[in-house]
Amino acid sequence: MPLEDGDPARWRGQQVNGEVSGTPRLGGTGDSQPRGTPPPDSSKTEAMAEGWEPGPALGDRDVTPGGDLQQAGQELGRREEALMAELSELVQKVVKSSSWWERHGVDISILACSFLLLPAGFLCLRSAQAIPFLAGVLTLGVVHHTLTVKGSHLASHNALTESKSWGKVWAIFFIELCSAFTAEQATYNHVKIHHGYTNVIGLGDSSTWKLPFLNRYVYMFIAPLAVPIITPLVALDLLRNVEWKAALRTLCCMFLGLYCHYWLLLHVSGFQSPWSALLCMLLTRSLLAHPYIHVNIFQHIGLPMFAADRKPKRIHLMSLGVLNLPRNALLDWSFGHSLISCHHHLFPSLSDNMCLKIKPIVSQYLKQKKLPYNEDTYASRLRLFLRRYEELMVHAPPITELVGIQ
């Protein structure tokens with residue numbers, strides 16, 4: 001029988017504090033989508049990741065032959081599409097009634113303020129006293145992560161401007177010049193794969209964040225220090241999958257960004273040796289690497305995972321598979337709210353400030369319709385991952401089976 005109107009699709013397993021233990025199937029997590037290989041039904045993926053239309057998703061076909069169960073699955077799918085359409089209409093009304101300042105201005109101002117803090121940070125490093133020096137390290141570390149995480153994330157979704165041309169410019173600036181990564185591959189892997197197939201095994205299941213050969217304490221507290229070194233190395237490897245013109249542009253931007261940071265430390269901050277300047281670069285660029293890694297794994301890993309041919313419609317996929325972390329002043333400034341909520345996954349083209357503005361509408365709607373809305377604190381999630389590291393980060397995750405879809 002079809003589910004009653006407004007009831008959520010039920011899944012096998014129990015949900016406790018945002019955790020779901022599903023019914024395992026044969027097979028592992030699968031490798032991440034091969035680089036340079038388009039995802040299944042890539043035209044739908046792009047529309048799903050950036051648009052708000054709820055159209056058909058991969059695997060939304062009947063897998064149980066004939067009978068009432070097949071009809072129930074079809075009716076459930078139509079009901080989920082209607083729910084997504086209704087929520088989208090509510091959100092679009094808020095967006096249309098919002099000013100440019102709310103849609104883009106607030107976040108652009110945060111990025112602009114970060115740029116204005118750069119001279120103060122470099123000048124503080126000239127001091128031989130501990131407090132001003134540490135203030136310089138803290139300033140440059142926060143500014144670096146604001147530009148590379150918040151700026152790059154917003155630019156990859158074209159959320160900084162309504163112009164696609166300027167969006168491309170900002171993506172190159174924040175992703176390649178500031179972050180030392182490749183804009184094309186970052187956008188493809190994040191927007192088309194991760195957002196299009198959030199928590200789908202073998203596609204958007206966050207498996208690229210897993211390093212099973214490391215123990216829990218090394219991964220959670222020591223490995224993040226290597227992020228500034230690993231990032232450009234991974235980018236160089238990904239350049240094999242882009243056109244030579246884009247690869248050449250990326251190499252030039254990466255070199256320019258890294259060299260400018262190094263040059264300013266030598267000539268403005270007054271570092272006497274190249275090694276001390278490089279060490280300071282590593283220190284400032286890894287200052288918030290720990291919460292960056294933690295937030296990325298907390299948000300999806302440990303939540304329901306789905307097979308590609310049995311995943312639910314968009315509204316259930318994003319409400320089930322994304323964790324909502326509470327606001328934090330430092331993370332809100334440097335990472336942006338969209339990085340820690342399902343509101344962004346439901347409406348990825350919105351800026352951080354707009355995600356905050358629609359948060360009450362989305363959370364109230366999901367709870368009103370008895371849809372999942374996973375919430376947990378940073379400290380609680382950290383304890384969970386330390387306690388269940390082997391299960392969550394080493395072994396294959398179980399596949400969640402939604403009754404009514406099959």
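What counts as what
- Residues numbered from 1 in each chain as written.
- Predicted model: local features only at pLDDT ≥ 70, side-chain atom pairs only at ≥ 80, totals over all residues.
- Heavy atoms only, no water.
- Helix = DSSP H or I, 4+ residues; strand = E, 2+ residues; numbered from the N terminus.
- Buried < 20%, exposed > 50% of the residue type's maximum accessible area, 1.4 Å probe, protein only.
- Contact = heavy atoms within 4.5 Å.
- Areas by Shrake-Rupley, 256 points an atom, 1.4 Å probe, with all protein chains shown as cover.
- Expected span 1.5 Å × (residues − 1).
- Arc of directions from axis to C-beta.
- Patch = residues over 30% accessible without salt bridge, like charges linked within 9 Å, V, L, I, M, F, W, Y side chains within 5 Å.
- Salt bridge = Lys/Arg side-chain N within 4 Å of Asp/Glu carboxyl O.
- Core = buried A, V, L, I, M, F, W, Y, C linked by side-chain atoms within 4.5 Å.
- Phe/Tyr/Trp six-rings, centres within 6.5 Å; stacked < 30°, edge-to-face > 60°.
- Axes fitted to C-alpha atoms, helices over the stretch in contact; angles between N-to-C directions.
- Parallel < 35°, antiparallel > 145°, perpendicular 65-115°, else oblique.
- Left-handed = near helix turned anticlockwise from the far one by under 90°.

Colleague: Would you mind showing me how to read the overall build of the protein here?
Modeller: Along the backbone of the protein there are 17 helices and 6 strands. Within the protein, buried positions represent 52% of all 406 residues. Pairs at least 24 apart in sequence give 77% of the contacts found in the protein among residues at least 6 apart. For the protein, the computed accessible surface area is about 18500 Å², with 63% contributed by carbon and sulfur atoms.

Colleague: Where do I start with helix α10 (residues 274–285) in this structure?
Modeller: In an α-helix there are 3.6 residues to a turn, and that puts residues three or four apart on one side. Here α10 contains 12 residues, and its C-alpha end-to-end distance of 16 Å stays within 8% of the 16 Å for a straight helix at 1.5 Å per residue. Within α10, the full set of buried residues consists of Ala277, Cys280, Met281, Thr284 and Arg285. What you see down the axis of α10 is that its buried residues fit within an arc of 120°, all on one side. Exposed residues on α10 whose side chains face more than 90 degrees from its buried face are Trp275 and Leu279. Looking at the buried residues of α10, the elements they touch are α4 (130–156), α5 (164–178), α8 (227–238) and α9 (244–267).

Colleague: Any chance you could explain a nonpolar patch on the surface here in plain terms?
Modeller: On the surface, Ile229, Ile230, Leu233, Val234, Leu236 and Leu251 cluster together into a nonpolar patch covering about 510 Å² of accessible area. For the nonpolar patch, the element with the highest residue contribution is α8, accounting for 5 residues.

Colleague: Before we go on, may I ask you to explain the nonpolar core in this structure?
Modeller: The nonpolar side chains of a soluble globular protein tend to be buried with one another. Among the nonpolar cores identified, the biggest contains 27 residues, and Ile315, Leu346 and Phe347 are the most heavily contacted of them. Looking at this core, the elements that each hand over two or more residues are α2 (67–96), α12 (314–320), α14 (342–346) and α15 (352–368). Beyond its immediate chain neighbours, meaning those up to four positions away, isoleucine 315 contacts Glu80, Leu83, Met84, Leu87, Leu346, Tyr365, Leu366 and Leu371. If you look at the next biggest cluster of nonpolar residues, it comprises 24 residues, including Val142, Leu214, Leu331 and Leu384.

Colleague: Which parts of the structure should I look at to understand the environment of phenylalanine 122?
Modeller: Its location among the elements puts phenylalanine 122 in helix α3 (residues 100–124). In this structure phenylalanine 122 comes out as buried when scored by relative accessible area, which is 7%. Placed 15 residues apart in sequence, phenylalanine 122 and valine 137 show a C-alpha to C-alpha distance of 8.4 Å. Setting aside chain neighbours within four positions, we find phenylalanine 122 in contact with Leu140, His261, Leu264, Leu265, Val268 and Ser269.

Colleague: Help me out: how do you make sense of the packing of aromatic side chains in this one?
Modeller: To describe a pair of aromatic rings, one takes the distance between the centres and the angle between the planes. Per the counting criterion, the structure on display carries 13 aromatic pairs. Plain terms: the ring middles of phenylalanine 298 and tyrosine 378 are 5.3 Å apart, the flat faces sit at 70° to each other, and that makes the pair edge-to-face. Placement of phenylalanine 298 in helix α11 (residues 289–298) and of tyrosine 378 in helix α16 (residues 378–387) is noted, with a sequence separation of 80 residues between them. Judged by its relative accessible area of 0%, phenylalanine 298 falls in the buried class. Residue class for tyrosine 378 comes out partly exposed when judged on its relative accessible area of 25%.

Colleague: Just checking my understanding: could you explain unusual backbone geometry for this structure?
Modeller: Residue alanine 180 is not a glycine yet carries a positive backbone phi of 60°. Here alanine 180 shows up in the loop between α5 and α6 (183–194). For alanine 180, a relative accessible area of 3% puts it in the buried group. The backbone of serine 206 shows a phi angle near 65°, a positive value even though the residue is not glycine. Structurally, serine 206 can be placed in the loop between α6 and α7 (216–222). Note on serine 206: relative accessible area 7%, which makes it buried.

Colleague: Quick question: what am I supposed to make of α11 here?
Modeller: With 9 of its 10 residues buried, α11 lies for the most part within the structure. Those residues of α11 that sit buried are Ala289, His290, Pro291, Ile293, His294, Val295, Asn296, Ile297 and Phe298.

Colleague: Would you mind going over the pattern of salt bridges with me for this structure?
Modeller: A side chain with one charge may pair with a side chain of the opposite charge, provided their charged atoms come close. What the rule picks out here adds up to 14 salt bridges. Glutamate 162 serves as the salt-bridge partner of arginine 103, at 3.1 Å between the closest nitrogen and oxygen. Residue arginine 103 is found in helix α3, and its partner glutamate 162 is found in the loop between α4 and α5; the two are separated by 59 residues along the sequence. Aspartate 352 is the salt-bridge partner of lysine 150, the closest N and O atoms lying 2.6 Å from each other. Note that lysine 150 is positioned in helix α4 and aspartate 352 in helix α15, a separation of 202 residues in sequence. Grouping residues by exposure puts lysine 150 and aspartate 352 together as buried. Members of the salt-bridge network, linked through shared partners, are Lys168, Glu176, Glu184 and Arg249.

Colleague: Could you clarify how one ought to interpret the environment of leucine 225 in this entry?
Modeller: You can see leucine 225 is positioned in the loop between α7 and α8. With 60 residues separating them in the primary sequence, leucine 225 and arginine 285 have C-alpha atoms 8.7 Å apart. Once you skip the residues sitting within four places of it in the chain, leucine 225 turns out to touch Leu282, Ser286 and His290.

Colleague: Is there a simple way to explain the packing of α3 against α4 in this structure?
Modeller: A pair of packed helices can be characterised by two numbers: the angle between their axes and the separation between those axes. In the contact formed by α3 and α4, the axes pass within 8 Å of each other and the chain directions differ by 150°. In terms of orientation, α3 lies roughly antiparallel with respect to α4. Crossing of α3 over α4 shows left-handed handedness. Where α3 approaches α4, its residues Asp107, Ile110, Leu111, Ser114, Phe115, Leu117, Leu118, Gly121, Phe122 and Cys124 are matched on the opposing element by Pro132, Phe133, Gly136, Thr139, Leu140, Val143, Thr146, Leu147, Lys150, Gly151 and Leu154.

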